[in-house]
Amino acid sequence: MEAIMLRVAPNSPDAHLRLLQLYIYPRCTAFDLDKASAQIPLLTQCAHLTLGDYLERAESANYPVSAATRKAISDNMDLCKKELAGQVPPDTTVQEFLPVRKEDVETLSRRLAAL
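In this text the structure is predicted, and so the values were computed from the model without any measurement. Going along each chain's sequence as written, the residues are numbered from 1 onward. In view of the model being predicted, local features appear only for residues whose pLDDT reaches at least 70, and side-chain atom pairs are presented and counted only at 80 or more, with totals across whole chains, interfaces and linings using the full set of residues. Where side-chain values are given, they derive from all heavy atoms of the structure, hydrogens and water being excluded.

Trainee: With reference to specific residues and values, describe the overall build of the chain.
Mentor: A run of H or I in DSSP becomes a helix once it reaches four residues, and a run of E becomes a strand once it reaches two; helices and strands are each numbered from the N terminus. Along the backbone of the chain there are 6 helices and 0 strands. Going from the N terminus to the C terminus, the chain shows its helices and strands as α-α-α-α-α-α. In summary, the chain has a C-alpha radius of gyration of 13 Å against a globular reference of 13 Å for 115 residues, a match within 12%. Viewed in the frame of its principal axes, the chain has a C-alpha envelope of about 35 × 35 × 25 Å. Just to be clear, the radius of gyration here is over C-alpha atoms, and the globule rule we use is 2.2 Å times residues to the power 0.38.

This is the structure:
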């Protein structure tokens, strides 16, 4: 699955979300927080749930989240805020299964600040 997603990733904004989800799943052989971190700046949609999972996995693995990744998460939170305001990016076809709520963005912001 990883090989297929990597082939379509350059042409699919949604492939980056799926790759991130794949890389942060601890029981998957593709689990790799370095690869996961590389996907975050490429996200074109609000990924509040997946980013929360990423931060949880990083914390439990004592994985240092770089300043660049923190910035990318913050940038993604800006996309979430736009989505809250009704401005969904036009090139996004796959979204997380729950719509973003203000509380979700605030929780993610607190988790990011706690790093």
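So much for the structure itself; the text now carries on.
Trainee: Could you give an account of unusual backbone geometry, with specific residues and numbers?
Mentor: Positive phi is not limited to glycine here, since N62 has a value of about 55°. As for its position among the elements, N62 is in the loop between α4 (48-60) and α5 (67-84).

Trainee: Give a detailed account of the nonpolar core, specifying residues and quantitative values.
Mentor: For our purposes a nonpolar core is just a set of buried Ala, Val, Leu, Ile, Met, Phe, Trp, Tyr and Cys residues, chained together by side-chain atoms within 4.5 Å. Summary of the burial criterion: residues with accessible area below 20% of their type's maximum are buried, those above 50% are exposed, and those between are partly exposed, where the area comes from a 1.4 Å probe applied to protein chains only. Within the largest apolar cluster, 25 residues are counted, with the highest numbers of intra-cluster contacts made by L20, I40, L51, Y54 and I73. Broken down by element, the residue count for this core peaks at 7 residues, all from helix α2 (residues 13-24). Residues count as neighbours in contact if any of their non-hydrogen atoms are within 4.5 Å of one another. Setting aside its immediate chain neighbours within four residues, Y54 contacts L20, I24, L33, A36, S37, I40, Y63, V65, T69 and I73.

Take it as geometry only, folks, not as evidence of what the structure does.
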